[in-house]
Structure formats: structure tokens, C-alpha cells
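Here is how the chains run, residue by residue.
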Amino acid sequence: MGYIDLHLHTTASDGVMTPSEIVRYAKAKGLQAIAITDHDTIEGLEEGLSEGKRIDFEVIPGIEISAEHSPGSMHLLGFFINTHHPLLNERLGYLQRARAERNPKMVEKLNRLGINVTYEEVLKASGGGQVGRPHFAEVLVEKGYARSFQEAFDRFLKKGAPAYEEKFRFTAKESIHFINEAKGVAVLAHPNTLNMKGYSELENLILHLAKEGLKGIEVYYPEHSAVEVAQYKTLAERYGLLVTGGTDYHGIEKNGLDIGIGRGEMKLPYSIVESLKAARS
Ligand SMILES: [Zn+2]
Ligand SMILES: [Zn+2]
């Protein structure tokens, strides 16, 4: 039995492999199943699923929703979503429009700072996929306005910086609701990015999300420490939540991170997929 990876991005959001490429790559790496979980979009799923069918490899239709949260960021994964569900499509359409309106506003802000950047340049950097701040950073570095991605974010693009524009997000409750409505299984992604003050605050949040219909926690994740993994596992057990995991692989080597194995430590059994399937029905 091969391993699984339930958190992957493609060119439909900010990954660099097309959905077909990542499916073929996963199979070549000996994995047994993957989930494609692009940010706020299901655009890559049809291609990924049909490539999976073609080469006889299991692909789970998924999504990763950015929900309203402060001070950190909250991402919610939805597994086995019905991509044709009207409410899901209506909500994702709203998020896409909000994103499309945000980007020209950020160009305007940069221009007002005396930075000569056009929306066409940012669009080009995105390679035809979803446009996001990393593409702004790419253009800023390319044109010499910043020396690195980090500097571009720190000086212009990060929350609170002069070219930052707030992005609309649904609340966690709303996000869990439309994932559930679309027959998906809602899972809290990488809890370590929530930046909760302490364990009890995190526990309260998870209890609250579970009441709203959350079904699982992404316990296994390359950026989680051993202590965090143990904590999240305990919380999952305490509140009857499923345990999932994934690498958040974006199709590029990042500090030795690869699909399925992370940095060598991730060996997630197929039984996780079976639990998700059981939770769905
Ligand atoms: Zn995420
Ligand atoms: Zn992700």
C-alpha cells in the first residue's frame, strides 16, 4: 500500500504544475491517492480527476478556503466536494470576483507610491492562473523595486504595508457551511498558522468550529513541530475529529519538500482516506 497526500496546489491557484502533471507525478512517486486543494477555486479539479481516471490513480476533489481570522490565517480544507453544487459555485464566484477587484487596487496603490508596475505585468507573472501577491512580488523584484520576495512583501505587500489591500473572506462558519452543503468534509488546515495565544485558546476555537460542522484537523503538515502534532492529535481525539495530513506541495522544491513525503517524515496511510469517505456518508 502506498502513501497519500491530501494537500496539494496546481496552476489553478499558486502551484507550478498543471493538475495533470501533479497527478502523473504523484503516481510516478508511488503514492496511492492525492487530494487537489487549490486556494478558493475548483478550476483544476476537472482536469485532475479526468487525468486520474485515465492513468488509474485516485484523485480526491478538494479545496482550500481562506476564512476570516485574526491575527494569523485560517485555512479550511474541503474534501470530496461536489464541484457542481450551486451554493459552492456561487460562493467561489464571489471570492474570485473579490480577488479580481483587489489586484488592480494594489497596482493603483503601488503606482501612487511612485512604482511603475502595470496590471498586465502582474497578470503575465501569474502565467494565466490565479493572481496573488507572490506575482506582485515577482514583478517588483524583476523591476528592481525590491531585492527579494521577502523585501517586496515587507516593504509593500504584507498586511499593513502601503500597497496591501484587504481581501474579502467568508467567516469560518460560512466556509464550513458551504463545504458541508456541497457534501464535502471540512478540515482545519495547518493550525499552526492561526497564531493562537495558547493551547486553551486553540482548544476553544476547535470546539467552536466542531459545533459549526468541522470534521477534522490537518495534524500532519511539514511545518508542524513534533509537539504541535501531538497537541493537534490530542484535540482531534478529544472532540471526535478526523486526523488528516498533507505536504502543501506547490510543485517546486522548497527546502527539500516533496509530494507525499514532505521532508521525509510524512508517511500517511490510506486509512485516512477511508475515514474521510466514511465521514462523508
Ligand atoms: Zn494553507
Ligand atoms: Zn495550501
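Counting restarts for each chain, with residues numbered from 1 along the sequence as it is written. All chains are assigned letters beginning at A, and all ligands numbers beginning at 1, according to the order in which they are written. Residue-level local features of this predicted model are given only where pLDDT is at least 70; pairs of side-chain atoms are given and counted only at 80 or more, and the full residue set underlies all totals for whole chains, interfaces and linings. In computing side-chain values, all of the structure's heavy atoms are included and hydrogens and water are not.

Further remarks concern the coordination of the zinc ion (ligand 2). Around a metal, the idealised angle for a tetrahedral arrangement of four donor atoms is 109.5 degrees; for an octahedral arrangement of six donor atoms it is 90 or 180 degrees. Distances from the zinc ion (ligand 2) to its protein donors, His-7 (NE2), His-9 (NE2), Glu-64 (OE) and Asp-248 (OD), fall within 2.0 to 2.2 Å. Metal-centred angles of 81 to 171 degrees between the four donor atoms at the zinc ion (ligand 2) mark the site as irregular. Coordinating donors are taken to be N, O and S atoms lying within 2.8 Å of the metal, or within 3.2 Å when the metal is Na, K or Ca; because water is excluded from the atom set, some sites may appear incomplete. Here the donor residues of the zinc ion (ligand 2) are spaced in sequence according to H-x1-H-x54-E-x183-D. A spacing of 3.5 Å is found between the zinc ion (ligand 2) and the zinc ion (ligand 1), which share Glu-64 as a donor. Sites are called tetrahedral only when four donors show all angles between 85 and 135 degrees, square planar or octahedral only when four or six donors show opposite pairs over 155 degrees and all other angles between 65 and 115, and irregular in any remaining case.

This part covers the pairing of strand E4 (residues 74-79). The buried fraction of E4 amounts to six of the six residues, a majority that puts the element mostly inside the structure. Two strands form a pair only when DSSP identifies at least two bridges running between them. Only DSSP runs of H or I reaching four residues or more are called helices, and only runs of E reaching two or more are called strands; each is numbered from the N terminus. Remark: six residues form the turn of the hairpin made by strand E3 (residues 58-67) and E4, two consecutive strands paired antiparallel. The sheet contact formed by E4 and strand E5 (residues 185-188) spans four bridges and is antiparallel. For Gly-78, the partnering residue across the bridge sits in E5 and is Ala-186. Categorising residues by exposure relies on relative accessible area from a 1.4 Å probe, with only protein chains included: less than 20% of the type maximum marks a residue as buried, more than 50% marks it as exposed, and the intermediate range marks it as partly exposed.

Right, let's talk about helix H3 (residues 86-112) for a bit. Each helix should span, by expectation, one fewer than its residue count multiplied by 1.5 Å. Taking 1.5 Å of rise per residue, the 27 residues of H3 would be expected to cover 39 Å, and the 40 Å separating its terminal C-alpha atoms lies within 8% of that figure. Within the span of H3, buried status applies to Leu-88, Arg-91, Leu-92, Leu-95, Ala-98, Arg-99, Arg-102, Asn-103, Met-106, Val-107 and Leu-110. On its buried side, H3 packs onto E3, helix H4 (119-125), helix H5 (133-142), helix H6 (149-157) and helix H7 (172-181). Gly-114, located one to two residues past H3, shows a positive phi value of around 85 degrees. Between two residues, a contact is recorded if the distance between any of their heavy atoms is within 4.5 Å.

Working definition: the strands of a sheet are paired by backbone hydrogen bonds and lie parallel or antiparallel to each other. Reading across from one edge, E1-E2-E3-E4-E5-E6-E7 is the order of the seven strands in this open sheet, with mixed pairing throughout. Looking along the sheet, the strands with just one partner apiece sit at the ends: strand E1 (4-8) and strand E7 (242-245). Averaged over neighbouring strand pairs, the angle between their axes works out to 30 degrees when direction is ignored. In terms of strand pairing, E1 meets strand E2 (residues 33-36) through three bridges, oriented parallel. From the neighbouring strand, Leu-8 faces E2, where its bridge partner is Ile-36. Here, axes are lines fitted to C-alpha atoms. For helices the fit covers the stretch in contact, and angles between N-to-C directions go from 0 to 180 degrees.

Turning to the layout of surface pockets, a few remarks are in order. Approximately 150 Å³ is the volume found for the second largest pocket. Any residue with an atom within 4 Å of a point lines the site, the site being either a cavity, points on a 1 Å grid over the protein atoms alone where a 1.4 Å probe fits but cannot get out, or a pocket, an open set with protein on both sides within 12 Å along at least 5 of 7 lines. Surrounding the second largest pocket, Ile-42, Glu-43, Leu-45, Glu-46, Leu-49, Thr-83 and His-84 form its lining. Grid points are joined across faces, edges and corners, and a volume is the space filled by probe spheres set on the points.

Right, let's talk about the nonpolar core for a bit. What we call a nonpolar core is a set of buried Ala, Val, Leu, Ile, Met, Phe, Trp, Tyr and Cys residues that are connected through their side-chain atoms within 4.5 Å. Ranked by size, the top nonpolar core spans 46 residues in total, and within it Ile-22, Ile-34, Met-74 and Leu-76 carry the most contacts. Excluding anything up to four places from it in sequence, Met-74 contacts Ile-65, Ser-66, Ala-67, His-69, Ala-172, Leu-188, Leu-194, Leu-205 and Leu-209. Core analysis: the second largest hydrophobic core is formed by 18 residues, Ile-4, Ala-33, Phe-80 and Met-266 among them.

Protein coordination of the zinc ion (ligand 1) is provided by Glu-64 (OE), His-75 (ND1) and His-190 (NE2), with donor distances spanning 2.1 Å. Read in sequence order, the donor residues for the zinc ion (ligand 1) give the motif E-x10-H-x114-H.

Once that is clear, we can look at the pattern of salt bridges. Salt bridges are counted wherever a side-chain nitrogen of Lys or Arg sits within 4 Å of a carboxyl oxygen of Asp or Glu. For the coordinates displayed, the defined rule picks out 15 salt bridges. For Asp-40, the salt bridge is made with Arg-99, and the minimal N-O distance between the two is 3.6 Å. Taken as a pair, Asp-40 in the loop between E2 and helix H2 (45-55) and Arg-99 in helix H3 lie far apart in primary sequence, 59 residues in all. On the basis of relative accessibility, which here comes to 4%, the residue Asp-40 falls in the buried class. One salt bridge connects Glu-166 with Arg-169, and the closest N-O pair in it is separated by 4.0 Å. Under the relative-accessibility criterion, Glu-166 is labelled partly exposed at 46%.

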